[in-house]
Amino acid sequence: MVSPAAPSTKKRLDLLDPAEVARLGGLELITQGIVEGFLTGLHRSPRRGFFIEFAEHRMYQPGDELRYLDWRLLGRSDRLYVKQFEEETNLRSMLVLDTSRSMDWSGAPDRRLTKLAYAERLVAALALVLLRQRDATGLLTFAETVRKVVPPRARHTQWQLLLQELAGTGPGEGTAAEPALRRVVERLRRRGLVVFVSDLLFDPPLALNALRFLRHRGHQVLVLHILDPEEVELHGPAEARYEDPETRQAVILRPADWAEAYARTVQRVISEWRVACRKRGILHERITTDTPFGLALRQALVRSTRLA
């Protein structure tokens, strides 16, 4: 029996093709490799951490870094003050993963992961990064009902627990996004971070109301919109049969006749989600399953500082 190939130390797993990475080993091994590569790349970034809050001012002392001088305060008081910051080590994060039947799909199974397989690896990597920041991190998975709930913890065994739940969660059937988000409200009593990972193939109003309520409670909310490239543009043979994986409704059509109208519709729906989220103070990021994990992590974590 041949054991899975170990991740190459010469290549950054977070920048490789996601399907290529998935073939290298198990979820734990691969996720660790992805995160190590991502953090190595992030170290060269001018940003020093993800969730940083201003704490207080203090008088400037020789040797303090000039980049932390508060120039506005200097203009008002004619005195030198530096800003002090503190990392939010008590942040409580909840990762909410859609495991409905529509997520268990790939437009090119031989070359790309399903949306669910991609999202599981992305969520595992997000959890590891957050836990390394000593942020309590939990997981909620849902399909037609809420399936698994792992309360946020910062203990050293938490990541293994999250991995077990992710590895044991297969696709469900329908999508009950709104009840899942309501459950998050019950779990996060203090201000925290909610990352909602889904293909968003459901009616928006109820879910948007729940997301808005989370934001109203003071939580940072980030929506990761997972799409297969084949969902963005319509391709196929001269005539093809398309089936909804959840309702089983099907239609036969000619892709060439519908490609332009389909692309416009998809872009409109994505734009509507983005605008609706922005109005509610929620960050929306579209991620396709051919995006290297390191780039997806950067979208998920670094850009989420705009929510703070």
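Procedures and definitions
- Residues numbered from 1 in each chain as written.
- Predicted model: local features only at pLDDT ≥ 70, side-chain atom pairs only at ≥ 80, totals over all residues.
- Heavy atoms only, no water.
- Buried < 20%, exposed > 50% of the residue type's maximum accessible area, 1.4 Å probe, protein only.
- Helix = DSSP H or I, 4+ residues; strand = E, 2+ residues; numbered from the N terminus.
- Arc of directions from axis to C-beta.
- Axes fitted to C-alpha atoms, helices over the stretch in contact; angles between N-to-C directions.
- Parallel < 35°, antiparallel > 145°, perpendicular 65-115°, else oblique.
- Left-handed = near helix turned anticlockwise from the far one by under 90°.
- Contact = heavy atoms within 4.5 Å.
- Nonpolar A, V, L, I, M, F, W, Y, C, P; charged D, E, K, R; others polar.
- Core = buried A, V, L, I, M, F, W, Y, C linked by side-chain atoms within 4.5 Å.
- Phe/Tyr/Trp six-rings, centres within 6.5 Å; stacked < 30°, edge-to-face > 60°.
- Pairing = 2+ DSSP bridges.

Quick notes on helix α5 (residues 158-167)
Among the residues making up α5, those that are buried are Q158, W159, L162, L163, E165 and L166. Down the axis of α5, the smallest arc covering the buried residues is 165 degrees, so these residues share one side. The exposed residues of α5 that point more than 90 degrees off its buried face are Q164 and A167.

Quick look at the packing of helix α6 (residues 177-187) against helix α7 (residues 204-216)
Taken N-terminus to C-terminus, the directions of α6 and α7 make an angle of 15 degrees; their axes are 8 Å apart at the nearest point. In terms of their interaxial angle, α6 and α7 are classed as roughly parallel. Like other packed secondary-structure pairs, α6 and α7 cross with a definite hand, here left-handed. In this structure, α6 uses A177, E178, L181, R182, V184 and V185 to contact α7, whose residues at the interface are L206, A207, A210, L211, F213 and L214. When the residues that make up the contact of α6 with α7 are grouped by side-chain class, the tally is 10 nonpolar, no polar and 2 charged.

Topic: the nonpolar core
Judged by nonpolar contacts, the single largest core of 50 residues is most densely connected at L122, L126 and L224. Of all the elements, helix α4 (residues 115-132) adds the most residues to this core, at 14 residues. Leave out the neighbours within four places in its chain, and L126 touches L95, V195, L224, L297, A300 and L301. One finds V96, L200, C277 and I282 within the second-largest nonpolar core, a separate group that totals 25 residues.

A closer look at the packing of aromatic side chains
Scanning all chains against the criterion turns up 4 aromatic pairs. A centroid spacing of 5.9 Å and a plane angle of 5 degrees characterise the contact between F142 and F196, whose relative ring orientation is stacked. You can see F142 sitting in strand β4 (residues 136-142) and its partner F196 sitting in strand β6 (residues 192-198), a full 54 residues away along the chain. A single burial state applies to F142 and to F196, both of which are buried.

Here we look at the pairing of strand β9 (residues 250-253)
Judged from the 4 bridges that link them, strand β8 (residues 240-243) and β9 form a sheet pairing that is antiparallel. In the sheet register, Y242 faces β9, and the bridge partner there is V251. Counting the residues between successive antiparallel strands, the hairpin from β8 to β9 contains 6 residues, one of them, R248, with a positive phi of roughly 70 degrees.

A word on the sheet that holds strand β3 (residues 92-98)
Sheet strands pair via backbone hydrogen bonds, and the direction of the pair is either parallel or antiparallel. Ordered in space as β5-β4-β3-β6-β7-β10, the 6 strands form an open sheet in which the pairing is mixed. The sheet is open, and its two edges are formed by β5 (146-153) and β10 (283-288), each paired on a single side. Going from strand to strand, the sheet's axes swing by 15 degrees on average, the running direction of each strand aside. Bridge count for β3 against β6 is 6 bridges, and the pairing is parallel. Bridging across to β6, M94 finds its partner in V194. Contacts from α5 reach β3, β4 and β5, with the element oriented near 170 degrees to β5.

So, the pairing of β6
Here β6 lies mainly inside the structure; 7 of its 7 residues are buried. Sheet analysis places β6 next to strand β7 (residues 220-227), joined by 6 bridges and oriented parallel. Residue pairing across strands places F196 opposite V223, the latter belonging to β7.

Some details on unusual backbone geometry
Even without glycine at this site, R134 takes up a positive phi of about 65 degrees. The residue L200 is not glycine, and still its phi comes out positive at about 60 degrees. Inspection of the secondary structure assignment puts L200 in the loop between β6 and α7.

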